[in-house]
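# Chain and residue survey
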Amino acid sequence: MGQNQTNLLQGTLDLLILKAIGEGEAHGLGISRRIEQITQGTFKVKPGSLFPALHRMEEAGWLTSFWGESENRRRAKYYRRTKDGTRQLQAEREQWSTIVGAMANALNAQEV
Amino acid sequence: MVLGSRLKAAVLNLLRKDRVEAELDAEIHAYVQGVADELIAAGVEPGEARRRACAEAGCVEPVKQAVRDHRAGTAFELLWRDGLFGMRQLRRNPALACTVIFTLALGIGANTTIFSVVWRPLRYEQANRLRMVWETRPDGSRSTVSSTTYHEWSDQNDIFESLAAARTESIALSGNPPILAFGASITPKFFDTFRLQPELGRFFSQDEFAPGKGTVAVLSYELWKTRFAGDRAILDKTVALDGMPYRVIGVAPPDFEFLGHEDIWLPMALPPGESGRQERNLLVVGRLKPGAGAAQAAEEMRVLAERVARQSPGTNRQWSARTQDFYEAMAGPGVHLMFLLLSVTVSVVMCMACANVANLLLARGTTRQKEIAIRIALGARRWRIMRQLLLESLLLSVLSGGLGLLLAFAAVRYLATLPVLQAPGLAPIEINRAVWHLSRFSASPQPCLPGSYLHGRPARSIRWNSSRPQAAARWAMGNMAACAAGW
């Protein structure tokens, strides 16, 4: 793994996963690659973090899963956002904006 | 919402464990395979691709373990498995388990029984303000009170809210069959002193104590139920007592007795004058005014009695008065000290049981050092080991607590039938203060705690062995101190 790999900020993983799945459906590898893509390679989610998060979110009712066939004609477990998941994405997105805004204000503030 | 969803997931995970595991395995393998497929498509040779995919995924087993660690219900499952392991440990060493369980059960049973029987409250409202009042003979022995003296006390004292008196009467109750009932004639404030409300009807009114008006009666609840079948129409009916017609005006509340199982109460006619000093046949009970103490009451009654003695030297020279704790009067002299001794005794027994059990567990702990050291060496966290040992302690204490309570129930049921333990006015014998005892029962794992703590320290559990007897002795002492404190 690259040296410049930024550690996933605590609490951002759920947000990234919900966003990466989008309106459609995706399997584990797909989600991992999609996150890499939409963050332009900044975040690489390893299976050791990805799968516990996926299972936890499914248990929380934000995702549902089903078995399907991948592009390579292999069996894969696909995840899809539930209504609760979409709501959760919205909530986390707002929370994230608040944090970003607050951090920006703090860092731009005049130093005394 | 999330909680409910996770709860459901936890139940499903536990119920369909095999399927959940198989799916997890397939899912992770699919991921690795997917990575390998990408590499092959990029021109990497298949064997190398698989190796690199596995390296990227961090291999399958650790990932699966990471998922399991976060899975809903895992904590519960682990706890359950620890519990089963604890049960197996107990079964493997039945002699120890039985000794511990029976020792604690006997201790808990004895304590629950004794405390239930001994510290029974009086059933009257604010019963600690009730006091018996006696006349004392010139030699200091106590005597029942003459009716003239009672009336003077009642009128002149400033310490009792109400002072009441009762005298036993044998009354023939006509009917089929006729019975000789145990009755009491009482003074106006009698029922007020005990703060009683009638079960049915009313108690005596002031004018019913006037001469010639006293042909009214209050029945005991028990007599009403047995003799009159609990008939509510008994009020205003006439019963023949000693051949005279009496009108029933009320029924006393259940279980009320003062002289001992009275059936009928009648109004006592008003004072007979100076002649009444000779006949000392009244039991006198008073309710102290709020804030008045026992010592104050004793002093006041002594002063009053001295005044009476000066006024009527013929009958009362050198007679005095004394008050007595009502509970003691009902339950027997010296009862408080006896109860205290009993309570201390069973408490000491419980302490000894705890100390013995703590030492037994400590001794067993030393034989388990190796097992624990191995578990720690294999990577068990300190909390896991402590939890295991605590769970075993908890199992023992729950089993012994349950058995102890069963013993106590049996003992109390037996004791409740013993007439020697009955006393008028005392609450019935039953397991009371259940909550208090439950807290004791949940506190009983405490003696086992220091032992668990000891083995929770990895360095010690590896280094420590039976060649360090002084340290063991020190821990045993610590255990005993802790159990005494915890108990």
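This is a predicted model, so every value here is computed, not measured.

### Some points on unusual backbone geometry
Residues and elements named next belong to chain B. At His 261, a residue that is not glycine, the phi angle is positive and equals roughly 55°. Here His 261 falls in the exposed class, since its relative accessible area comes to 60%. A positive phi angle is found at Gln 318, which is not glycine, with a value near 65°. Overall, Gln 318 belongs to the exposed group, its relative accessible area being 60%.

### A few points about the interface of chain B and chain A
Across the boundary between the two partners, chain B contributes 26 residues, which contact 25 residues of chain A. A combined buried area of about 2100 Å² lies between chain B and chain A, and 60% of that area is made up of carbon and sulfur atoms. It is Glu 27, Tyr 31 and Glu 56 of chain B in chain B that bury the most area against chain A; as a group they hold 29% of the surface buried on that side. Between Glu 27 of chain B and Lys 77 of chain A there is a salt bridge, with its nearest N and O atoms 3.7 Å apart. Counting every contact that joins chain B to chain A gives four residue pairs in polar contact (both at pLDDT 80 or more). Residue assignment for the side of chain B that touches chain A shows that the elements contributing at least two residues are helix 1 (2-15), helix 2 (17-41), helix 3 (46-57) and helix 4 (60-70) of chain B. Broken down by element, the side of chain B that touches chain A gets its largest block of residues, twelve residues, from helix 2 of chain B. A class-by-class count of the residues in the side of chain B that touches chain A yields 14 nonpolar, five polar and seven charged.

### Some thoughts on the packing of helix 1 (residues 12-21) of chain A against helix 2 (residues 28-38) of chain A
All names here are of chain A. Running from N to C, helix 1 and helix 2 point in directions that differ by 100°, and their axes come no closer than 9 Å. Put simply, helix 1 runs roughly perpendicular to helix 2. Mapping the contact onto sequence places Leu 16, Ile 17, Lys 19, Ala 20 and Ile 21 in helix 1 and Ile 31, Arg 34, Ile 35 and Ile 38 in helix 2. Partitioned by chemical class, the residues of the contact of helix 1 with helix 2 number seven nonpolar, no polar and two charged.

### A few points about the side chain of Ser 162 of chain B
Residue and element names in this part refer to chain B. With respect to the helices and strands, the residue Ser 162 is situated in strand 4 (residues 160-173). Here Ser 162 falls in the buried class, since its relative accessible area comes to 8%. Within the structure, Ser 162 has its side chain in polar contact with the side chain of Thr 193 (distance 2.9 Å). With residues near it in sequence (within four places) discarded, Ser 162 still touches Lys 189, Thr 193, Val 285, Gly 286 and Arg 287.

### Structural notes on the nonpolar core
Membership of the largest hydrophobic core comes to 37 residues, with the highest contact counts inside it found for Phe 190, Phe 191, Phe 194, Phe 258, Trp 265 and Phe 326 of chain B. There are two domains that each give this core at least three residues, and those are domain 2 (77-122 + 335-485) and domain 3 (138-318) of chain B. Not counting residues up to four positions away in its chain, the partners in contact with Phe 191 of chain B are Ile 186, Leu 196, Phe 203, Phe 204, Val 218, Phe 256 and Trp 265 of chain B. Counting 36 residues, the second-largest nonpolar core is a separate cluster that includes Leu 13 and Ile 31 of chain A together with Val 32 and Ala 49 of chain B.

### Here we look at the confidence of the model for chain A
Residues and elements named next belong to chain A. In the predicted model, chain A carries a mean pLDDT of 85, and 91% of its residues have values of at least 70. Least confident of the elements in chain A is helix 3 (residues 47-59), whose mean pLDDT is 88; most confident is helix 4 (residues 83-108), at 92. Considering only residues more than four positions removed or in separate chains, one finds that residues 1-5, a stretch of pLDDT under 50, has six contacts.

### Some points on the sheet that holds strand 2 (residues 63-69) of chain A
The strand order across the open sheet built from three strands is 1-3-2 (chain A), with neighbouring strands paired in antiparallel fashion. Both edges of this open sheet fall to strand 1 (25-27) and strand 2 of chain A, since each of them pairs with a single strand only. Strand-to-strand twist across the sheet, computed as the mean angle between neighbouring axes with direction ignored, equals 35°. Examined bridge by bridge, strand 2 of chain A and strand 3 (residues 75-81) of chain A share seven bridges and lie antiparallel to one another. By the bridge assignment, Phe 66 of chain A is partnered in strand 3 of chain A with Tyr 78 of chain A. Taken strand by strand, helix 2 of chain B contacts strand 2 and strand 3 of chain A, and its axis lies near 100° from that of strand 3 of chain A.

### Digging into helix 7 (residues 147-156) of chain B
Here helix 7 of chain B lies mainly inside the structure; eight of its ten residues are buried. Listed in full, the buried residues belonging to helix 7 of chain B are Ser 147, Thr 148, Thr 149, Tyr 150, His 151, Glu 152, Trp 153 and Ser 154 of chain B.

### Here's the deal with the pattern of salt bridges
Residue and element names in this part refer to chain B. Counted according to the given criterion, the structure contains 27 salt bridges over all chains. Residue Lys 64 pairs with Asp 25 through a salt bridge whose shortest N-O separation is 2.7 Å. Here the residue Lys 64 occupies a position in helix 4, and Asp 25 occupies one in helix 2, the gap between them amounting to 39 residues. According to the relative accessible area criterion, Lys 64 is buried, its value standing at 7%. Here the salt bridges share partners, and the residues they tie into one network are Glu 125, Arg 129, Glu 161 and Arg 195.

Reading the values: rules and limits
Residues numbered from 1 in each chain as written. Chains lettered and ligands numbered in written order. Predicted model: local features only at pLDDT ≥ 70, side-chain atom pairs only at ≥ 80, totals over all residues. Heavy atoms only, no water. Buried < 20%, exposed > 50% of the residue type's maximum accessible area, 1.4 Å probe, protein only. Contact = heavy atoms within 4.5 Å. Buried area = accessible area lost by both parts, 1.4 Å probe. Salt bridge = Lys/Arg side-chain N within 4 Å of Asp/Glu carboxyl O. Polar contact = N/O pair within 3.5 Å; in protein donor to acceptor, adjacent residues only side chain to side chain. Helix = DSSP H or I, 4+ residues; strand = E, 2+ residues; numbered from the N terminus. Nonpolar A, V, L, I, M, F, W, Y, C, P; charged D, E, K, R; others polar. Axes fitted to C-alpha atoms, helices over the stretch in contact; angles between N-to-C directions. Parallel < 35°, antiparallel > 145°, perpendicular 65-115°, else oblique. Core = buried A, V, L, I, M, F, W, Y, C linked by side-chain atoms within 4.5 Å. Domains from an automatic or database assignment. pLDDT = per-residue confidence, 0-100. Pairing = 2+ DSSP bridges.

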